[in-house]
Amino acid sequence: MDFNLTEEHLMIQQAARDFAQNELLPGVIERDEKQIFPTEQIKKMGELGFMGMMVDPKYGGSGLDAISYVIAMEEISKIDASASVVMSVNNSLVCWGLQEYGTEEQKQKYLPGLASGEIHGAFCLSEPEAGSDATSQKTTAVDMGDHYLVNGTKNWITNGNTASVYLVIAQTHPELKHKGINALIMTKDMPGFSVGPKEQKMGIRGSDTHSLMFSDVKVPKENRIGEDGFGFKFAMKTLAGGRIGIASQALGIASGAYEMALKYSKERKAFGTEICNHQAIAFKLADMAVNIEAARHLCMKAAWDKDNHKNYDVSGAMAKLFASQVAMDTSVEAVQIHGGNGYVKEYHVERLMRDAKITQIYEGTSEIQKIVISRAVIAG
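Residues numbered from 1 in each chain as written. Predicted model: local features only at pLDDT ≥ 70, side-chain atom pairs only at ≥ 80, totals over all residues. Heavy atoms only, no water.

Looking at an unreviewed UniProt entry, the protein carries the name Acyl-CoA dehydrogenase family protein, with the source organism given as Flavobacterium ginsengisoli. One UniProt comment on the protein, placed under Sequence similarities (unreviewed entry), says "Belongs to the acyl-CoA dehydrogenase family." Per its UniProt entry, the protein bears the Cofactor (unreviewed entry) comment "FAD". (UniProt positions renumbered as here; feature names shortened; annotations may be inferred.)

Some details on the overall build of the protein
Helix and strand counts for the protein stand at 11 helices and 10 strands. If one aligns the C-alpha atoms of the protein with their principal axes, the spans along those axes are about 80 × 45 × 40 Å. Evaluated residue by residue, the protein yields a buried proportion of 55% over its 380 residues. In the protein, the proportion of contacts linking residues at least 24 apart, taken out of those at least 6 apart, comes to 73%. Carbon together with sulfur atoms contributes 54% to the accessible area of the protein, which is approximately 16,600 Å² in total. In the protein, 39 positive and 47 negative side-chain charges are present, and the distance between their average locations comes to 3 Å. (Helix = DSSP H or I, 4+ residues; strand = E, 2+ residues; numbered from the N terminus. Buried < 20%, exposed > 50% of the residue type's maximum accessible area, 1.4 Å probe, protein only. Contact = heavy atoms within 4.5 Å. Areas by Shrake-Rupley, 256 points an atom, 1.4 Å probe, with all protein chains shown as cover. Lys, Arg positive; Asp, Glu negative; His and termini not counted. Charge placed at Lys NZ, Arg CZ, Asp CG, Glu CD.)

Some remarks on empty space enclosed by the protein
The full count for this structure, using the stated rule, is two cavities of 30 Å³ or more. There is about 70 Å³ of room inside the largest cavity. What lines the largest cavity is Val28, Arg31, Asp32, Ile36, Pro38, Asp80, Ala81, Ser82, Gly206, Arg351 and Asp355. Looking at the lining of the largest cavity element by element, the count peaks at three residues for helix H2 (residues 28-34). Broken down by class, the residue content of the lining of the largest cavity amounts to four nonpolar, two polar and five charged. Surrounding the second largest cavity, Met54, Val55, Asn91, Cys95, Trp96 and Gln99 form its lining. Along the lines of polarity and charge, the residues of the lining of the second largest cavity split into four nonpolar, two polar and no charged. (1 Å grid on protein atoms, 1.4 Å probe; cavity = no way out; pocket = protein on both sides within 12 Å on 5 of 7 lines; lining within 4 Å. Points joined across faces, edges and corners; volume = space filled by probe spheres on them. Nonpolar A, V, L, I, M, F, W, Y, C, P; charged D, E, K, R; others polar.)

Structural notes on the packing of aromatic side chains
Counting across every chain of the model gives nine aromatic pairs. The positively charged end of Lys221 is found above the aromatic ring belonging to Tyr148, 5.3 Å away from the centroid. (Phe/Tyr/Trp six-rings, centres within 6.5 Å; stacked < 30°, edge-to-face > 60°. Lys NZ or Arg CZ within 6 Å of the ring centre and 35° of its normal.)

Concerning unusual backbone geometry
Not every positive phi belongs to a glycine, and Ile204 is a case in point at roughly 30 degrees. Inspection of the secondary structure puts Ile204 in the loop between strand S6 (193-198) and strand S7 (209-220).

A short note on the layout of surface pockets
Remark: the empty space left among the atoms is shown by a probe the size of a water molecule rolled over them. Estimates place the volume of the largest pocket at around 1,300 Å³. Lining the largest pocket are 45 residues; nearest its centre among them are Leu239, Arg243, Glu363, Gly364 and Thr365. Among the secondary structure elements, those contributing two or more residues to the lining of the largest pocket are helix H5 (81-101), strand S3 (147-158), helix H7 (231-267), helix H9 (313-338), helix H10 (349-358) and helix H11 (366-379). Ranked by residue count, the leading element in the lining of the largest pocket is H7, at seven residues.

Observations regarding the environment of Thr39
Note that Thr39 resides in helix H3 (residues 39-47). We classify Thr39 as partly exposed; its relative accessible area is 47%.

Some words on the UniProt feature "domain: Acyl-CoA oxidase/dehydrogenase middle" (unreviewed entry) in the protein
UniProt's entry tags residues 122-217 with the feature "domain: Acyl-CoA oxidase/dehydrogenase middle" (unreviewed entry), counted in the numbering of this structure. The annotated region residues 122-217 carries 0% helix and 49% strand content, and the separation between its end C-alpha atoms amounts to 17 Å.

Points about the UniProt feature "domain: Acyl-CoA dehydrogenase/oxidase C-terminal" (unreviewed entry) in the protein
On the UniProt side, "domain: Acyl-CoA dehydrogenase/oxidase C-terminal" (unreviewed entry) is annotated at positions that read residues 231-377 here. For residues 231-377, the helix share is 78%, the strand share is 3%, and the end-to-end C-alpha distance is 27 Å.

A few points about the packing of H9 against H11
Viewed as axis vectors pointing N to C, H9 and H11 meet at an angle of 140 degrees, and their least axial separation amounts to 9 Å. The angle between H9 and H11 places the two elements in the oblique class. Taken as a pair, H9 and H11 cross one another with a handedness that is left-handed. Judged by residue contacts, Asp313, Val314, Ala317, Met318, Lys320, Leu321 and Ser324 of H9 engage Ser366, Gln369, Lys370, Val372, Ile373 and Ala376 from H11. Taken together, the residues of the contact of H9 with H11 sort by class into seven nonpolar, three polar and three charged. (Axes fitted to C-alpha atoms, helices over the stretch in contact; angles between N-to-C directions. Parallel < 35°, antiparallel > 145°, perpendicular 65-115°, else oblique. Left-handed = near helix turned anticlockwise from the far one by under 90°.)

Structural data, given as structure tokens:
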């Protein structure tokens, strides 16, 4: 085993860190408070290659490995999880799904714009009655011969209003249950496609989360991904990789909170000395450091599995389950270490605490990750 990062990995880490500090940090509190989508920052992320990191260069991507993606996601997420979730959805769900399962025509048409950050995408699975139970799709895609007629509603869609390309999961053959589901490429300019109001969220407030409504939307047959009935499998395969992205986001939130808490503890004095010298604080910092390092290793292992074409369903689930808990625990303790200052916006850690919670919910709740892991453990 070699735990050293390559020279290329270190360059990516430094580039992501510099971008986060120089481009994302200024204005991050205002974007959170006013729910401002980081339009210019996302555009610059695309120019730096962060929006299509694993996309083949022939489609305009960076052609990097999943470990590079984890490294960049951590650095971006330390500062702005609202920006990193846009990066995660575009990389893990939309670009990867299209590159892995799309036709050559679909790849040529959509990937260059997505990989460059000129446009970005959305992944549309969740519904009012289909969250963790993704088999209960109520959105329908009726086969009309040369096209599908789509009706239904999607909830909690990241990039819901700002995306240009939408991968929509819909039921075509209800009698076949999950084997009758299809994945369709849709665009917002299709007649009958409408976007609901922006959600008022606790965290990742700068990201763009909406419900989507479809009323007799005509989607050409050539926009279907894979064979008829492949949609549910497509969603599950894509989400397995997406969990590596969200695990890395959780890791970044945790490490960002830890770094701020460590710095503050060396500056703030109480009872005649810096608070880091008090065992009550020192032990908190020790626990944070251990848990973050363990989370980082789980994220890297899942990415390594993916890069080496091994099954990463379980390693990705483990990484997301553990890292999201570490993000929650670490950000709460970071607020505690900051004391009263931790409760106000200017010290950043209260935002990280609010952002951390969603990592235990989206792209499969922690309970769903435990189902995935326990099934694998029991099956041997």
